[in-house]
Amino acid sequence: MVAKDQTSKKRKHNSGSKAKPSISKKSKLGFSKPPNPQLQQQQHQHKQRQPLKSKFQKSEASQEKVPKTKREQRLHAKELAEARKKKRKPHYTLEQELASLWEKMRRRNIAKEDRSKLITEALGKMRGKIPEIASSHVSSRVLQTCVKHCSQAEKDAVFGELQPHLLNLARNTYAVHLVKKMLDSASKKQLGGFISSLHGHVASLLRHMVGSVVVEHAYQLGNAAQKQELLMELYSTELQLFKDLVSMKESRLVDVISKLGLQKTAVSRHMILVIQPLLEKGIVDHSIIHRLLIEYLSIADQSSARDVIQQLSGPLLVRMIHTRDGCRLGMLCIKHGSTKERKKIIKGMKGHIGKIAHDHCGSMVLVSIVSIVDDTKLTTKIVISEIQENLKELVLDKSGKRSLLQLLHPNCSRYFSPDDLASLELSVPSLSPGDKSGINSEAGLKDEETSDKVVKSEEELTTTNDNQSLSSKENLPGGKKDPFLRRQELLIKSGLAENVINICVEGAGELLKSNFGKEVIYEVARGGSDGILRPTLDDKLTSLHEAIASLAEKSKYEEAEEEHVLENFHSSRTIRKLILDCPAFAATLWKNALKGKCKSWASGHSSKVICAFLESQHSEVRDMAQGELQVLIDAGLLKVPETKQPAKED
């Protein structure tokens, strides 16, 4: 019964669903209007026309949608790009013309006359539009080439058109190169005008990554007064606002404060507002910033000075030590920094020690590290290990030998200029109240020009005390370990001294004749200051003495491509100093090379070597050669200078 009821319900439901369309159809038919034959004819005619029109339109669309070739597609895309550039760049057509001229004028094999014609043509097209074109990636290069090769009159015309816009162009990524090129070729009057136009904008330009390059370039090109003009407005708000206060002869900030009656705290507060954004942005490569930091540390209080040293300690310092003031900053950070900060500085130099050692200023920072830092394990792991990788190059390099000589003979006035020794004594006044050698001390502010005047000739150095050393300055503030023990750990325990001796033995001739290597081989052969290499490396030193004696043993009359070590200017004087200062070497040289052969060496540069045996203060050295040399003196073959006195022993 249930199954029958369900089937009956389904049938009723299906019948109801089928009945609906029939009802709707009947209702439509029931209410439909009678057909109009005239209207039907019009509709038929319209239908006949419509398909013809639609077919024609489809055929046109199909013709337009036919896929083009790849070449046509590229050309079409290029045309669209050109059209967009013309709308976006007002001087696009001119830039294209200038680019074609540039391709011709920058060739190397082009005649000067042809190039000058092309430059004149290019400058003529750019006249009146140079400030707008200078910011373009391509056109700025065209302008640089034109400025490089054009006449002075054309340069003046370009500079005159650019001068009102130089400050804005200095911040542009592409125009900055043109501005630098214009400053390089500018006259003194033009450069002075540009530096004057920077007044009031120096601090803002220094905070700009691109603008700081222009300020630094102007600072390098300017004279002392112009450099001071750029620096002054960074010191105080008053100096930034009133230009008349800037023209002062006082170069040190301390003198400026006392002369103008400025408040020290206000100046310090203003300077830190200038310095802090530079340190945060990492804009520390420029010498003007290094000078600013040096002057700031001269007036900063203890906490402010420590904050700046803490911020500088690390990889940031590596980018600063290539300048004179930058290397002084590095030495101050090492001297006054904590153990943790020194560790950061040394770790930041990892991988750059070789480059730093070859740099004239950077090498002094390495000298400071080996003289002050007590953590000899870290210094050996990073500094000494990288020095040993390029040891031969460093020994023969003017700056590279400095760290080695500092370990062999600390603070020797023969190897370090007065300015270098003064730099090692610098200190921050607020961090070392008892130390009189502050940053602004007279010794610390000596120019390189005055220090160069205090240079003695090679002849004078040999007659004076060759072993003069500033032993009282060896224990630099900041290091607590005994200086001799520190040197011993860095030289002997690290294996550096043994490697240096091996290099001296292998290349004895080259080092003796070298203007810079002779100093290293001299210090090594005599055992270093205070006998640092003895007695641990006595055997190695004996082999070095024998290597030098074997070179001197060669006959004077042998045909050789190289000059004999006793006849060469540098090597003869180095051997002479070794005879005076090292009796062990003198005995080896006499026994292996000179005994019975002095007559052939009694003239020329070699005569100075022979006479050294008689000038020595060591009696055993004099007695060794007295008999043979006295015969030559009596015969008039050998002349001993009467003005020269024997060298004193350490």
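Residues numbered from 1 in each chain as written. Predicted model: local features only at pLDDT ≥ 70, side-chain atom pairs only at ≥ 80, totals over all residues. Heavy atoms only, no water.

K.L.:
Just checking my understanding: could you explain the overall build of the protein chain for this structure?
P.N.:
Counting secondary structure elements, the protein chain contains 39 helices and zero strands. Burial status across the protein chain gives 46% buried among its 650 residues. Pairs at least 24 apart in sequence give 72% of the contacts found in the protein chain among residues at least 6 apart. Summing over all exposed atoms, the protein chain offers an accessible surface of approximately 34,900 Å²; the carbon and sulfur share of this is 52%. (Helix = DSSP H or I, 4+ residues; strand = E, 2+ residues; numbered from the N terminus. Buried < 20%, exposed > 50% of the residue type's maximum accessible area, 1.4 Å probe, protein only. Contact = heavy atoms within 4.5 Å. Areas by Shrake-Rupley, 256 points an atom, 1.4 Å probe, with all protein chains shown as cover.)

K.L.:
Got a minute to help me understand the environment of Ala99 in this structure?
P.N.:
Relative to the helices and strands, Ala99 is located in helix H4 (residues 92-105). For Ala99, a relative accessible area of 21% translates into the label partly exposed. Counting along the chain gives 23 residues from Ala99 to Ala122, while the straight-line C-alpha distance between them is 9.6 Å.

K.L.:
When you look at the pattern of salt bridges in this model, what are you seeing that I'm missing?
P.N.:
Two side chains of opposite charge can pair, provided their charged atoms sit close to one another. Per the stated rule, a full pass over the model turns up 21 salt bridges. In this structure, the salt-bridge partner of Asp530 is Arg487, at a minimum N-O distance of 3.6 Å. Here Asp530, found in the loop between helix H34 (517-525) and helix H35 (538-553), pairs with Arg487, found in helix H31 (residues 483-493); they are 43 residues apart in sequence, far enough to count as distant. Asp530 gets classed as exposed once you look at its relative accessible area, which sits at 55%. The structure contains a network of salt bridges with shared partners spanning Glu97, Glu121 and Lys125. (Salt bridge = Lys/Arg side-chain N within 4 Å of Asp/Glu carboxyl O.)

K.L.:
Looking at this structure, how should I read unusual backbone geometry?
P.N.:
Most peptide bonds take the trans configuration, and most residues that are not glycine carry a negative phi. The residue after Arg534, namely Pro535, is reached through a cis peptide bond having omega -5°. Of note, Pro535 is situated in the loop between H34 and H35. Although it is not a glycine, Asn411 sits at a positive phi angle of roughly 50°. You can see Asn411 is positioned in the loop between helix H27 (402-408) and helix H28 (418-425).

K.L.:
Explanation requested: the packing of aromatic side chains in the structure shown.
P.N.:
We describe a pair of aromatic rings using the distance from one ring centre to the other and the angle between the two ring planes. Enumeration according to the criterion identifies one aromatic pair in this entry. A cation sits over an aromatic face here: Lys227 above Tyr219, 5.4 Å from the ring centre. (Phe/Tyr/Trp six-rings, centres within 6.5 Å; stacked < 30°, edge-to-face > 60°. Lys NZ or Arg CZ within 6 Å of the ring centre and 35° of its normal.)

K.L.:
Please clarify how H31 should be interpreted in this entry.
P.N.:
Each α-helix winds once per 3.6 residues, and so residues spaced three or four apart point in a common direction. Every buried residue belonging to H31 is among Pro483, Arg486, Arg487, Glu489, Leu490, Leu491 and Ile492, and all of these are buried. Looking at the packing, one finds that the buried side of H31 touches helix H24 (362-372), helix H25 (376-389), H27 and helix H32 (496-506).

K.L.:
Is there a simple way to think about the side chain of Ser140 in this case?
P.N.:
For Ser140, the position within the fold is in helix H7 (residues 139-149). By relative accessible area, Ser140 is classed as buried at 2%. At 3.4 Å, the side chain of Ser140 and the backbone oxygen of His137 are in polar contact. Other than its neighbours up to four places away in sequence, Ser140 contacts Ile133, Ala134 and Tyr174. (Polar contact = N/O pair within 3.5 Å; in protein donor to acceptor, adjacent residues only side chain to side chain.)

K.L.:
Would you take a moment to explain the packing of helix H22 (residues 339-348) against H25 for this structure?
P.N.:
Axis angle and axis distance: for two packed helices, these are the angle between their axes and the distance between the axes, and together they describe the pair. Interaxial distance between H22 and H25 falls to 9 Å at its minimum, and their mutual angle equals 20°. Between H22 and H25, the angle falls in the class roughly parallel. Crossing geometry of H22 relative to H25 is assigned as left-handed. Between H22 and H25, the contacting residues are Lys343, Ile346 and Lys347 on the first element and Leu378, Thr379, Ile382 and Val383 on the second. (Axes fitted to C-alpha atoms, helices over the stretch in contact; angles between N-to-C directions. Parallel < 35°, antiparallel > 145°, perpendicular 65-115°, else oblique. Left-handed = near helix turned anticlockwise from the far one by under 90°.)

K.L.:
How do you make sense of the packing of helix H13 (residues 211-221) against helix H18 (residues 287-299) when you look at a structure like this?
P.N.:
One way to put it is that H13 packs onto H18 with a least axis distance of 8 Å and a crossing angle of 80°. Of the possible angle classes, the one that applies to H13 and H18 is roughly perpendicular. Contact residues: Val215, Glu216, Tyr219 and Gln220 in H13; Ser287, Ile288 and Arg291 in H18. Of the residues belonging to the contact of H13 with H18, the class tally is three nonpolar, two polar and two charged. (Nonpolar A, V, L, I, M, F, W, Y, C, P; charged D, E, K, R; others polar.)

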